[in-house]
Amino acid sequence: MPRDPEYVALILAATQGARLFPLTSEYPDGAPKHLLPISPLNPSAGEDAGGSDGTRGGGAPLLLRLLVRTYESGFDMAVVAVHKEDTSTVPFLTASGLCTPLGKEHASSVPTTGGGDGVADLEYRGVGSASSTKTDKAQSGRWMHVRVVHLPEDCNGSADALRFLSQGNTSIDSDEPPDSNCCYIPRTSHAVVMPGDLILEGALLSTTGGSDVLSLLVQAHRRWNAGGPSSSTAAACTMLLTDVGAEDKEGVPLKESSKAKMGLLSREEEDMEYIGLSSEVPPPLSASLASLSYSDEGGEPSRRVVLKRSKLEVEEDEGTGSTPKLSVAKRRLHSAGGNRGGRNGLANTMGGLSMAATATTDRSPTLSLRTDLSDVHVYVISNWVFELIHARPSMQSFQNEVLPLLISRQYRGVEAAFGPTAWKEEANRERLRKVLREMDGVSEEGRGVNCNSVSTLLGMYASGKTSGGLGRFVPDEEDENENPAEDMTGSSLLSPPSFPTSKHGYAVSAQVLSREVSALTLRACTLPSLLYGCGEVTSRTLKLDPAVSSSLVPTGAKLSTKFNSILLPGCSLGEKVQTKACSIGKNVTIGDRAKLNNCVVMNGVTIGSNTVLQNSVVGVGAEIGENCNLKDCQVGPGATVPATTRTTEKGETFEV
């Protein structure tokens, strides 16, 4: 049997994208947001797939760019989870030639799913693979397995999706539905989870450091796991954070409203968070494991995450008149220094709410609280976390429920993460036993494994111990009320562990990207972020060497470095037309003396003479009359804007 890949890319693309209306709409006739274009990059592989259905136009869809990035990062498999009523994704991938049905020669080398109409197994060989001959494909050799899975109706969040996709990976399946033996993701692989609306274009930077974001993130996760169980730093989850801060000429941090006025990426208040990073970094690799490490050229070392709370939640006024408070448990302050600070060193809280750089690693442990970091929902998840998700079926969101749980209980150990509620069921206790055996390097038969072998379940280096971690524990005082011992008579796991001395601690870490790379790593989940992302991609493309940039766009495209715009083939421009910081799709007609500034115009659009467009997105096949003045608006696919129309409010929409 072929070995499962170490890491699998898991693209969650099942949401409708309500905040991108009217460019997207409800299923089954709506356009999925992961098929919206982000730039004129590489449409050649799928240029025949463009159409008037509103799903794409004017450049490469988000999903295509994610497949390109996962393929170039070396992934062997990508799972794309889509809505149960999504009828566009698979036809787009196959009809455009981006992917081909899985060949018979490869069918035996991929994990089976148990059948069903909701799964499509494809193979992807990179951009332009459709036009390649069979000889070219045979010579290229490398291919990536792409599995498209339609999620059931009861998947209401990311945790539900992960639970469904990993249902064949769990230790105990007796309480699962009859079809639970299907395996949508390989049983021993770890997942790199990312949203389907992710823009991941760091490779467009002229510098090489940190450009391959996915490899950098996986590398950080491996380094935490390479320390071994004795250091209690085996990573359960490594998250990707982007630096979205900005300062004025005097170095004073800008507010979100000021960034929006300056054309920078700004966040809504509900998207802002307080994130606490300790000075603890991954432990140094031993000489025997040095060959498995990566260089630190890609960026700063990842840090342990000790706090992550919504800004609105922290500053919420409960009617008591008290000032907002941000509480940090003493346990986390004592542990924030990790290997650097000693066992009893109390961390110094540095920077307060400032936007200073991440705390440096020295002998004085520190805890840095920051509000200028953004969680883009990209996570590397160790395999045992899937067991935890199954043990806590009430959790629907990974970001809002599972991740906070992992952060809060990382110093108390894996046992605390599973919690006493889960322990009351024998199936969940068996899941925990299996996880602990794997962490201690004990096989199912109780035999120890080689201490330098990689555990296929946890993704960490086994310790070679034979205890199994299944003895009787004395509960900590703070957990006395959670003691489920009376419900587990006769079990080898009789009571909650003594959390301060737990042998199965873990870490939740974060890789923070530089601001340069962060500008090209964001979610296009809102119209402003989509517009900003397209503008950044266009700008970075034009800054490349002309020989390189011309190869990234289709033949016949017009590149204007002076006005920072790209016009795809088939565009017809009248006299004295001005386009600044724009991405213009194919077969677009623009009348005389029209002015466009910071706009994304998709395929087949008609814009009348003397029309002014600013900070706007225009959907496929839309028509805008003459003498219009549209600012900060969205024109849906096929919509008609009458002549002389003027917008009066920010965010106005025009739909059919």
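The coordinates are above.
I will try to describe carefully the structure that is included in this document.

Quick notes on the rules
- Residues numbered from 1 in each chain as written.
- Predicted model: local features only at pLDDT ≥ 70, side-chain atom pairs only at ≥ 80, totals over all residues.
- Heavy atoms only, no water.
- Buried < 20%, exposed > 50% of the residue type's maximum accessible area, 1.4 Å probe, protein only.
- Helix = DSSP H or I, 4+ residues; strand = E, 2+ residues; numbered from the N terminus.
- Pairing = 2+ DSSP bridges.
- Patch = residues over 30% accessible without salt bridge, like charges linked within 9 Å, V, L, I, M, F, W, Y side chains within 5 Å.
- Areas by Shrake-Rupley, 256 points an atom, 1.4 Å probe, with all protein chains shown as cover.
- Salt bridge = Lys/Arg side-chain N within 4 Å of Asp/Glu carboxyl O.
- Lys, Arg positive; Asp, Glu negative; His and termini not counted.
- Charge placed at Lys NZ, Arg CZ, Asp CG, Glu CD.
- Axes fitted to C-alpha atoms, helices over the stretch in contact; angles between N-to-C directions.
- Parallel < 35°, antiparallel > 145°, perpendicular 65-115°, else oblique.
- Left-handed = near helix turned anticlockwise from the far one by under 90°.
- Contact = heavy atoms within 4.5 Å.
- Nonpolar A, V, L, I, M, F, W, Y, C, P; charged D, E, K, R; others polar.
- Phe/Tyr/Trp six-rings, centres within 6.5 Å; stacked < 30°, edge-to-face > 60°.

1. A look at the pairing of strand β6 (residues 119–124)
So, point 1. Counted residue by residue, β6 has five buried out of six residues, so it is predominantly covered.
So, point 2. Pairing analysis gives two bridges linking strand β5 (residues 100–101) to β6, with the strands arranged antiparallel. By the bridge assignment, proline 101 is partnered in β6 with leucine 122.
So, point 3. Where β6 lies against strand β7 (residues 144–150), six bridges are found, and the strand directions are antiparallel. The residue of β7 that forms the bridge with glutamate 123 is histidine 145.

2. Considering a negative patch on the surface
So, point 1. A cluster of acidic side chains, namely Glu268, Glu269, Glu270 and Asp271, defines a negative patch on the protein surface.
So, point 2. Considering the arrangement of structural elements, one finds aspartate 271 in the loop between α7 (256–261) and β11 (273–278).
So, point 3. The exposure class of aspartate 271 is partly exposed, given its relative accessible area of 35%.

3. Focus on unusual backbone geometry
So, point 1. Going from phenylalanine 21 to proline 22, the amide bond is cis rather than trans, its omega being 10°.
So, point 2. Along the polypeptide, proline 22 turns up in the loop between β1 (7–13) and β2 (37–39).
So, point 3. Positive phi is not limited to glycine here, since histidine 377 has a value of about 65°.
So, point 4. Position of histidine 377 relative to the elements: it lies in strand β15 (residues 373–381).
So, point 5. One non-glycine residue, lysine 576, lies in the positive phi region at around 55°.
So, point 6. Mapped onto the fold, lysine 576 is located in the loop between β20 (572–573) and β21 (578–580).

4. Remarks on the packing of helix α5 (residues 158–165) against helix α11 (residues 384–391)
So, point 1. Direction vectors running N to C along α5 and α11 enclose 110°, while the axes themselves pass 9 Å from each other. With respect to their mutual orientation, α5 and α11 come out roughly perpendicular. Of the two possible hands of crossing, α5 and α11 adopt the one that is left-handed. For the pair formed by α5 and α11, the contact residues are Ala159, Leu162 and Arg163 on the first element and Phe386, Ile389 and His390 on the second.
So, point 2. Considered class by class, the residues forming the contact of α5 with α11 number four nonpolar, one polar and one charged.

5. Topic: the packing of aromatic side chains
So, point 1. For the structure on display, the rule yields four aromatic pairs.
So, point 2. When the ring of phenylalanine 164 is compared with that of tyrosine 184, the centres are 5.0 Å apart and the planes differ by 25°; the resulting orientation is stacked. In this pair, phenylalanine 164 sits in helix α5 while tyrosine 184 sits in the loop between α5 and β8 (190–195), placing the two residues 20 residues apart along the sequence. There is no split in this pair, since phenylalanine 164 and tyrosine 184 are both buried.
So, point 3. An angle of 65° between the planes, with centres 5.5 Å apart, marks the rings of tryptophan 384 and tyrosine 506 as edge-to-face.

6. Comments concerning the packing of helix α13 (residues 414–423) against helix α14 (residues 426–439)
So, point 1. The interhelical angle for the contact between α13 and α14, taken along N-to-C directions, is 165°, at an axis separation of 10 Å. When the axis of α13 is compared with that of α14, the two are roughly antiparallel. Seen along the crossing, α13 lies across α14 with a hand that is left-handed. On α14, the residues that touch Val414, Glu415, Phe418, Ala422 and Trp423 of α13 are Asn428, Arg429, Arg431, Leu432, Val435, Leu436 and Met439.
So, point 2. Residue composition of the contact of α13 with α14, by class: eight nonpolar, one polar and three charged.

7. What about the pairing of strand β14 (residues 366–370)?
So, point 1. Where burial is concerned, most of β14 is hidden: five out of the five residues are buried.
So, point 2. Both β11 and β14 contribute to a ladder of four bridges, which runs antiparallel. Within β14, the position partnered with glycine 276 by the bridge is leucine 369.

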